[in-house]
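# A closer look at the structure
The lines below spell out each chain.
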Amino acid sequence: PGETEWDAATAYTVGQVAVRTTTHRKYKRLVAGTTPTPPESDLSDPPVWLDIGATAKWAQFDRKIGTVTSGASPLTTVLRAGSVEGLALLELQGQTAVVTVYDRPITDPAKAAVYSRTIDLDGQAVTDVYDWMYGEPAQKLNAVLTDLPGQYHSGDIEVTITGAGASVGVGVLAVGRSHAIGSAVYGAGAGIINWGKVNDDGFGGREWLQGDWSSRVTLPVVANRHDFPRIHRLLARRRSTPCIYIGSELAAMEPLIVYGVYRDAYITVPNYPTISY
């Protein structure tokens, strides 16, 4: 709703936005007029179209934090991802998320649900009666599952988000293989990178401009010595691939779930093993 597909015969005004279902992207018009060239193929100088991001339906798959797929409750997404064990939902808006895995396409009358998990998205920490009666509601932002049955590579995964508000949504819906690196230990922590800035007028007056922010997580882990080569190869292969890093699946440790690319990874071997043949 609210999106208009690009049409070659339409005379666009500056600032109008059109979408392309072939690229799942939105484009803003920079020059008034018509053009037979699709926005994604525009090579004009100066450019006629500006790519401003993913369409509403595909924002959850654009590999970006800050863009949200939202709509009226229930919001359902069905995808065929092949053999996967992991699923992550980030930047959630709603009260409940239900993840169901089917053994075959959801349109097949003979389908059967082989996995179902309901996730409560209430993030309020209740420690006493006062919190129960008067505490402010809190939204659980992130949820991860690592136990999906990966053997049903031709089946569908259905994700349904429900809520009582005007709309529900999800910023990142990611699926993939799940790999164990180790166990997080004392010293793990989470913070933020603030992309806001301060403007100084040169006379002591300052204006704080709120910008986006990113999560920053530090995860010291311990692992079995025999896993050293596997972990080293695993991290090397994914050095530039955005992944979901799960520091803990405990509800109280939700900030230790982060999406992105690691900045630095170093493995220390405290006791060099004796080589035997």
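All of the points below concern the structure found in this document. (Residues numbered from 1 in each chain as written. Predicted model: local features only at pLDDT ≥ 70, side-chain atom pairs only at ≥ 80, totals over all residues. Heavy atoms only, no water.)

## Overview of the overall build of the protein
Across its full length, the protein carries two helices and 20 strands. Along the longest, intermediate and shortest principal axes, the C-alpha atoms of the protein span 75 × 70 × 60 Å. In the protein, buried positions account for 29% of the 277 residues. Surface accessibility of the protein: about 17,900 Å² in total, with carbon and sulfur atoms responsible for 53%. The positive charge centre, built from 24 side chains, and the negative charge centre, built from 28, are 9 Å apart in the protein. (Helix = DSSP H or I, 4+ residues; strand = E, 2+ residues; numbered from the N terminus. Buried < 20%, exposed > 50% of the residue type's maximum accessible area, 1.4 Å probe, protein only. Areas by Shrake-Rupley, 256 points an atom, 1.4 Å probe, with all protein chains shown as cover. Lys, Arg positive; Asp, Glu negative; His and termini not counted. Charge placed at Lys NZ, Arg CZ, Asp CG, Glu CD.)

## Let's talk about the environment of Gly 205
Locating Gly 205 in the fold gives a position in the loop between strand 15 (197-200) and strand 16 (206-209). If sequence neighbours within four positions are ignored, Gly 205 has contacts with Asn 199 and Asp 200. (Contact = heavy atoms within 4.5 Å.)

## Notes on the environment of Leu 75
Among the secondary structure elements, Leu 75 is positioned in strand 5 (residues 75-79). Between the alpha carbons of Leu 75 and Val 168 there is a distance of 6.8 Å; along the sequence they are 93 residues apart. Apart from residues no more than four positions distant in its own chain, Leu 75 is found in contact with Thr 69, Ser 70, Val 159, Thr 160, Ile 161, Val 168 and Gly 169.

## Here we look at the pattern of salt bridges
A full pass over the atoms with the stated rule returns nine salt bridges. A salt bridge links Arg 25 to Asp 51; the nearest nitrogen and oxygen atoms lie 3.2 Å apart. Here the residue Arg 25 occupies a position in strand 2 (residues 25-29), and Asp 51 occupies one in strand 3 (residues 49-54), the gap between them amounting to 26 residues. The closest approach of N and O atoms between Arg 104 and Asp 103, which form a salt bridge, is 3.7 Å. (Salt bridge = Lys/Arg side-chain N within 4 Å of Asp/Glu carboxyl O.)

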